[in-house]
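# Per-entry structural report
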Amino acid sequence: MVRTPLTPEERERGGRLGQLLREARGGRSMTEVAAQAGVSAETLRKIETGRAPTPAFFTVAALAGALGLSMDELVARCAFVAA
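This is a predicted model, so every value here is computed, not measured.

### Considering the layout of surface pockets
- Put simply, the largest pocket is a space of about 290 Å³.
- As for the largest pocket, its lining consists of 14 residues, of which Arg13, Leu17, Val60, Val75 and Cys78 are closest to the centre.
- Only helix H1 (8-25), helix H4 (57-67) and helix H5 (71-78) provide two or more residues apiece to the lining of the largest pocket.
- Partitioned by chemical class, the residues of the lining of the largest pocket number 10 nonpolar, two polar and two charged.

Structure (structure tokens):
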């Protein structure tokens, strides 16, 4: 299966998501947050660094729950911002 290349906007949105999750994690370790969300630490690392800019919805929802973020807040802060 060949994946369609991501648009610059998708990459930018993924970067904002990663930054938001990193900030919300604060002093907690990646391992701790990932375990609480039921995902691997490597998955969280890839999302936070932008290497996985389009993670699955349920992965994002699980991470948001583990970090005390609402999905509404994530959408509002990660949505495309027109210049």
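Still to come is the rest of the account.
### Some remarks on the packing of aromatic side chains
- In total, this model carries one aromatic pair according to the counting rule given.
- Ring geometry for Phe57 against Phe58: centres 5.3 Å apart, planes inclined by 80°, an arrangement best described as edge-to-face.
- Assessed through its relative accessible area of 68%, Phe58 is described here as exposed.

### Description of the pattern of salt bridges
- Across all of its chains, the model carries seven salt bridges by this definition.
- A salt bridge links Glu48 to Arg25, with the nearest nitrogen and oxygen atoms 2.8 Å apart. With Glu48 in helix H3 (residues 41-49) and Arg25 in helix H1, the pair connects residues that are 23 residues apart, well separated along the chain. The exposure classification of Glu48 matches that of Arg25, with both residues buried.
- Through salt bridges with shared partners, a single network forms among Glu23, Glu73 and Arg77.

### Side note on helix H2 (residues 30-37)
- Along H2, the residues classified as buried are Met30, Val33, Ala34 and Ala37. Looking straight down H2, one finds its buried side chains confined to an arc of 100°; they lie on one side. Turned more than 90 degrees away from the buried face of H2 sit Thr31, Ala35 and Gln36, all of them exposed.
- The inward-facing, buried residues of H2 contact H1, H3 and H4.
- Following H2 by one or two positions, Gly38 adopts a phi angle in the positive range, close to 80°.

About the cut-offs
- Residues numbered from 1 in each chain as written.
- Predicted model: local features only at pLDDT ≥ 70, side-chain atom pairs only at ≥ 80, totals over all residues.
- Heavy atoms only, no water.
- 1 Å grid on protein atoms, 1.4 Å probe; cavity = no way out; pocket = protein on both sides within 12 Å on 5 of 7 lines; lining within 4 Å.
- Points joined across faces, edges and corners; volume = space filled by probe spheres on them.
- Helix = DSSP H or I, 4+ residues; strand = E, 2+ residues; numbered from the N terminus.
- Nonpolar A, V, L, I, M, F, W, Y, C, P; charged D, E, K, R; others polar.
- Phe/Tyr/Trp six-rings, centres within 6.5 Å; stacked < 30°, edge-to-face > 60°.
- Buried < 20%, exposed > 50% of the residue type's maximum accessible area, 1.4 Å probe, protein only.
- Salt bridge = Lys/Arg side-chain N within 4 Å of Asp/Glu carboxyl O.
- Arc of directions from axis to C-beta.
- Contact = heavy atoms within 4.5 Å.

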